[in-house]
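# Architecture at a glance
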Amino acid sequence: MPPERAEALAAAFAHCETAVREADKDRWLATLFAPEGARPDLHALYAFNIEIASVRERVSEPLPGEVRLQWWRDVLTGEGRGDVASHPVAAAILDVIGRRNLAIRPLVDLIDARVFDLYDDPMPTVNDLEGYCGETSSALMQIAALILAGGEDPGTADLAGHAGAAYAMTGLLRAFPLHAARGQVFIPGDILAASDVSRDDIVAGRAGPGLSRALEAMRRLAGEHMAKAEALIAAADPRTVAAFLPMAAARLYLGRMDRLIAAPFRASVEIAQWRRQWALWRMARRFGRAAAPKL
């Protein structure tokens, strides 16, 4: 590789680490438990996810968001126009895909799933929510596990499915006040109906027993997926530890969700970083990687 190319790639991967450290601290903390040689590739993967997941925040209308997501599809499929390599995250993720021989389809599916974020359409059912979580959070965990397993099938598809659903649902609960303020409702319609609360109530900022029941149902659903994921951990390939450690932080957030249920439009569910680091370390120890990471 020419020195200029190597230097540009190094800068791209450094950019990715900074982006993940600033915008996705729990996943960044988890990468500290990965082998040093795998960390840059995980940073690139997570930085790519940040780019896709944050499109809604970067546009004022859905159409520009659709255009942005299409740009990323083109990047992945080799149809990108202009100097794609000049975008540090694009350069890094393409390098990882090439070296790791990663399949493109799951990444494109992740982009396709995020189109939902651009609009204020209701989430119809629990099955739809689980599918959304599967193509976003679960897919990300499984790709990370593949990277950590050196390209071998780590046998973690079920674990990724449940862990990713638990992590994503927990994140959606934490973001409920923000989403409601801009007209987004990720609580499935069947849960809303069973709880006797409507999307219009949520968008209008009307709290009440029905909304509390709906949020509790969401927390219970996330907890069910968390329990299934935790039951699968013992048999998981220990090389994949860093891919699933973020669920340890999600477990802490779920434990603090009472405050959100009590004040859904005002509460903030936060956990001190040192507590999250401790939770990640304890889970890593169960995987047989108990050494404290260097911060």
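Description of the structure in this document. Please read these numbers as outputs of a predicted model, since none were measured by experiment.

We now examine the environment of R100. Within the element layout of this structure, R100 appears in helix α6 (residues 88-100). A relative accessible area of 22% means that R100 is categorised as partly exposed. With 37 residues separating them along the chain, R100 and S137 place their C-alpha atoms 20 Å apart. Not counting residues up to four positions away in its chain, the partners in contact with R100 are G37, A38, D41, I147 and G150.

Once that is clear, we can look at the pattern of salt bridges. A complete count under the given rule lists 19 salt bridges for this structure. Of the charged contacts in the structure, one is a salt bridge between R27 and D24, with a shortest N-O distance of 2.8 Å. Pair check on accessibility: R27 and D24 agree, each one buried. Residues R100 and D41 are paired through a salt bridge, measuring 2.7 Å at the closest nitrogen-oxygen approach. On the criterion of sequence distance, the pair formed by R100 in helix α6 and D41 in helix α3 (residues 39-53) is long-range, its members being 59 residues apart.

The next subject is the packing of aromatic side chains. Under the definition given, this model contains 7 aromatic pairs. Ring centres 5.6 Å apart and planes at 75° place the aromatic pair F48 and W72 in the edge-to-face group. Residue F48 is located in helix α3, and its partner W72 is located in helix α5 (residues 62-77); the two are separated by 24 residues in the primary sequence. Like W72, F48 is buried. The structure contains a cluster of three or more aromatic residues connected by ring pairs, namely F48, W71 and W72. The ring of Y46 has R27 lying over it, and the distance from NZ or CZ to the ring centre is 5.7 Å. Note that R174 overlies the ring of Y253, its terminal NZ or CZ placed 3.8 Å from the centroid.

Before going further, it helps to spend a moment on the nonpolar core. L45, F48, I187, I202 and F244 are the most contacted members of the largest nonpolar core, which has 106 residues in total. Among the elements that line this core, the one with the most residues is helix α8 (residues 126-148), at 11 residues. Those residues in contact with L45, other than ones at most four positions away along the chain, are I93, L107, L140, I143, A144 and I147.

Within the chain, N101 stands out as a residue other than glycine whose phi angle is a positive 55°. Position of N101 relative to the elements: it lies in the loop between α6 and α7 (105-114). Residue classification places N101 among the exposed residues on the basis of a relative accessible area of 70%. Phi at D196 is positive, roughly 60°, even though this residue is not glycine. Counting through the fold element by element, D196 comes out in the loop between α11 (189-195) and α12 (199-203).

Another aspect to go through is the side chain of R73. Structurally, R73 is set in helix α5. On the basis of relative accessibility, which here comes to 14%, the residue R73 falls in the buried class.

Here we come to empty space enclosed by the protein. Any empty space left between the atoms is revealed when a probe the size of a water molecule rolls over them. In this structure the tally under the stated criterion is 1 cavity of 30 Å³ or more. A volume near 50 Å³ is recorded for the largest cavity. Around the largest cavity, the lining residues are L172, L173, F176, H179, Q184, V185, F186, I187 and M218. Mapped by element, the contributors of at least two residues to the lining of the largest cavity are α9 (157-174) and α10 (176-181). When grouped by side-chain class, the residues that make up the lining of the largest cavity number 7 nonpolar, 2 polar and no charged.

Where α3 meets α5, the closest approach of the two axes is 10 Å, and the angle between their N-to-C directions is 150°. The pairing of α3 with α5 is recorded here as roughly antiparallel in orientation. Seen from α3, the contacting residues are F48, E51 and I52; seen from α5, they are R68, L69, W72 and L76.

Take the layout of surface pockets next. Roughly 1,100 Å³ of volume is contained in the largest pocket. Considering the residues around the largest pocket, the lining is formed by 36 residues, among which A23, R27, A53, G171 and A175 are closest to the centre. Elements represented by at least two residues in the lining of the largest pocket include exactly α1 (3-23), α2 (25-31), α3, α4 (55-58), α8, α9, α10 and α15 (246-255). Looking at the lining of the largest pocket element by element, the count peaks at 6 residues for α9.

Further remarks concern the packing of α3 against α7. Remark: α3 packs on α7, axes separated minimally by 10 Å, with the N-to-C direction vectors making an angle of 25°. Between α3 and α7, the crossing angle belongs to the class labelled roughly parallel. Crossing of α3 against α7: the hand is right-handed. The residues of α7 that touch α3, namely those facing L45, F48, N49, I52 and A53, are L107, L110, I111 and R114.

Rules used in this analysis
- Residues numbered from 1 in each chain as written.
- Predicted model: local features only at pLDDT ≥ 70, side-chain atom pairs only at ≥ 80, totals over all residues.
- Heavy atoms only, no water.
- Helix = DSSP H or I, 4+ residues; strand = E, 2+ residues; numbered from the N terminus.
- Buried < 20%, exposed > 50% of the residue type's maximum accessible area, 1.4 Å probe, protein only.
- Contact = heavy atoms within 4.5 Å.
- Salt bridge = Lys/Arg side-chain N within 4 Å of Asp/Glu carboxyl O.
- Phe/Tyr/Trp six-rings, centres within 6.5 Å; stacked < 30°, edge-to-face > 60°.
- Lys NZ or Arg CZ within 6 Å of the ring centre and 35° of its normal.
- Core = buried A, V, L, I, M, F, W, Y, C linked by side-chain atoms within 4.5 Å.
- 1 Å grid on protein atoms, 1.4 Å probe; cavity = no way out; pocket = protein on both sides within 12 Å on 5 of 7 lines; lining within 4 Å.
- Points joined across faces, edges and corners; volume = space filled by probe spheres on them.
- Nonpolar A, V, L, I, M, F, W, Y, C, P; charged D, E, K, R; others polar.
- Axes fitted to C-alpha atoms, helices over the stretch in contact; angles between N-to-C directions.
- Parallel < 35°, antiparallel > 145°, perpendicular 65-115°, else oblique.
- Left-handed = near helix turned anticlockwise from the far one by under 90°.

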